[in-house]
Amino acid sequence: VMKLNPQQAPLYGDSVITVQLTEEDKVEDDVVFYLVFTGSTVQHCTSTRKINPGSLETISPGHDCCETVKVALCASREGHPVLVVAEDSFQFVQDEAYDAAQFLATCAGNQQALNFTRFLDRSRPPAADVDFLDEKVALAFRHLKLPAEWNVLGADQSLTENVPRETLMHFAVRLGLLRLTWFLLQQPGGRGALRIHNNEGATPVSLALERGYQKLHQLLTEEEAREPDSWSTLSHTVHSGDYSVKHHRGLDVYMLTAE
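Figured I'd write up the structure that's included with this text.

Rules behind the numbers
- Residues numbered from 1 in each chain as written.
- Predicted model: local features only at pLDDT ≥ 70, side-chain atom pairs only at ≥ 80, totals over all residues.
- Heavy atoms only, no water.
- 1 Å grid on protein atoms, 1.4 Å probe; cavity = no way out; pocket = protein on both sides within 12 Å on 5 of 7 lines; lining within 4 Å.
- Points joined across faces, edges and corners; volume = space filled by probe spheres on them.
- Helix = DSSP H or I, 4+ residues; strand = E, 2+ residues; numbered from the N terminus.
- Nonpolar A, V, L, I, M, F, W, Y, C, P; charged D, E, K, R; others polar.
- Phe/Tyr/Trp six-rings, centres within 6.5 Å; stacked < 30°, edge-to-face > 60°.
- Buried < 20%, exposed > 50% of the residue type's maximum accessible area, 1.4 Å probe, protein only.
- Pairing = 2+ DSSP bridges.
- Axes fitted to C-alpha atoms, helices over the stretch in contact; angles between N-to-C directions.
- Polar contact = N/O pair within 3.5 Å; in protein donor to acceptor, adjacent residues only side chain to side chain.
- Disulfide = S-S within 2.5 Å.

1. A word on the layout of surface pockets
Once rolled over the atoms, a probe with the size of a water molecule shows which space is left empty.
Next, step 1: If you add up the space inside the largest pocket, you get close to 800 Å³.
Next, step 2: Forming the walls of the largest pocket are 27 residues, and the residues nearest its centre are Gly62, His143, Thr237, His239 and Ser244.
Next, step 3: Broken down by secondary-structure element, the contributors of at least two residues to the lining of the largest pocket are α3 (127-143), β10 (235-240), β11 (243-248) and β12 (253-258).
Next, step 4: Of the residues contributing to the lining of the largest pocket, the split by class is eight nonpolar, 11 polar and eight charged.
Next, step 5: The volume enclosed by the second largest pocket comes to roughly 560 Å³.
Next, step 6: Around the second largest pocket sit 23 residues that line it, and Gly176, Leu178, Lys215, Leu216 and Pro228 are the ones nearest its centre.
Next, step 7: If you list the elements that add at least two residues to the lining of the second largest pocket, you get α3, α5 (178-185) and α8 (214-221).
Next, step 8: With five residues, the single largest contributor to the lining of the second largest pocket is α8.
Next, step 9: When the residues that make up the lining of the second largest pocket are grouped by side-chain class, the tally is 10 nonpolar, three polar and 10 charged.

2. Section: empty space enclosed by the protein
Next, step 1: Counted under the stated rule, the structure contains one cavity of 30 Å³ or more.
Next, step 2: Looking at the lining of the largest cavity, the elements with two or more residues in it are α3 and α5.
Next, step 3: The dominant element in the lining of the largest cavity, judged by the number of residues it contributes, is α3, at four residues.
Next, step 4: Across the lining of the largest cavity, the residue classes break down as four nonpolar, two polar and four charged.

3. Comments concerning the packing of aromatic side chains
Next, step 1: Applying the stated criterion to the full structure yields six aromatic pairs.
Next, step 2: Pairing Phe37 with Phe90 gives two aromatic rings, centres 5.5 Å apart and planes at 75°, and the pair type is edge-to-face. Note that Phe37 is positioned in strand β4 (residues 32-38) and Phe90 in strand β9 (residues 83-93), a separation of 53 residues in sequence.
Next, step 3: Overall, Phe90 belongs to the buried group, its relative accessible area being 1%.
Next, step 4: Measuring from ring centre to ring centre gives 5.3 Å for Phe141 and Phe183, while their planes differ by 40°; the resulting arrangement is tilted. Taken together, the residues span a long stretch of sequence, with Phe141 in helix α3 and Phe183 in helix α5 at a distance of 42 residues.
Next, step 5: Residue Phe141 is classed as buried on the basis of its relative accessible area, which comes to 1%.
Next, step 6: Judged by relative accessible area, which is 7%, Phe183 ranks as buried.
Next, step 7: Grouped by ring-pair contacts, the aromatic residues Phe37, Phe90 and Phe92 constitute a single cluster.

4. Some thoughts on the sheet that holds strand β3 (residues 16-20)
Next, step 1: Strand order in the open sheet formed by four strands is β1-β3-β7-β6, and the pairing between neighbours is antiparallel. Because the sheet does not close on itself, it has two edges, and the strands there are β1 (3-5) and β6 (49-52). Sheet twist, expressed as the average angle between the axes of neighbouring strands with direction ignored, equals 30°.
Next, step 2: As defined by bridge partners, β6 adjoins strand β7 (residues 55-59) across three bridges and the pair is classed as antiparallel. The partner of Lys50 across the bridge, within β7, is Leu56.

5. A few points about the side chain of Asp14
Next, step 1: Secondary-structure assignment places Asp14 in the loop between β2 (8-10) and β3.
Next, step 2: Among the polar contacts made by the side chain of Asp14, one reaches the side chain of Lys246 at a distance of 3.1 Å.

6. Quick look at the pairing of β9
Next, step 1: The sheet contact formed by β2 and β9 spans three bridges and is parallel. Bridge pairing in β9 places Gln8 opposite Gln91.
Next, step 2: Pairing of strand β8 (residues 67-76) with β9 involves nine bridges; the strand directions are antiparallel. Across the sheet, Glu67 pairs through a bridge with Phe92, a residue of β9.

7. Considering the state of the cysteines
Next, step 1: Applying the stated rule across the entire model yields zero disulfides.
Next, step 2: No disulfide involves Cys74; its sulfur sits 7.0 Å from the nearest other cysteine sulfur, which is in Cys45.
Next, step 3: Residue Cys74 is classed as buried on the basis of its relative accessible area of 10%.

8. Some details on the pairing of β4
Next, step 1: Relative to β8, β4 runs antiparallel, the two being bridged by seven bridges. Looking across to β8, one finds that Phe37 is bridged to Val71.
Next, step 2: Summarising the sheet, β4 and strand β5 (residues 43-47) pair through five bridges and their orientation is antiparallel. Bridge pairing in β5 places Phe37 opposite His44.

Okay, here's the thing in structure tokens:
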């Protein structure tokens, strides 16, 4: 039996999984280990990185639904057939960051919900928590299957820029969420949101200035501003038909997902 730690991951994946090998699986250097996750409609195969003779690490794949999947640890060696050396189960769950991303996506144009997010801001979370929140919610947002007509400003496109209102962009900037702000900027309505004043006359850009968020202000105003560092900047994904391959540069792990 192998030990996976943790034994679950959020739906959007991108967290580190450690695999503890048993005594008999600790083998010569020329053996390459893979993990194969088999869900009801999607299968993932990830490469692993050896930390020491008894343990490996890999990155959890993003999955299409909440479920318990089968995981097989496979060993391959040149000139030999691939062996399944151990099996276990693994759970994909919807965590708070995923809930938050879904909530924010659905309330893009909803003023009551957006005013609630302003209320949240008064209980300023500490900087380390903000960074964690930013990372997770941005990853979750990327994983959501947003409808084709989704817009940062909500569904009602008839509202002009002159109508004062709260936007998702105000929310992201007010909390100092760099990665979420970057993600929203790339979406339909993202750039338009920068010009919208709320009831106090603040735009996302003026909020960033007023709060002293310099990096965020640069992100919103400089043309060649680059994507903030995060797990997603460490990952590069290529899609082809029913397959996608992702490379995580930080751990040098590859992931193949097939429907």
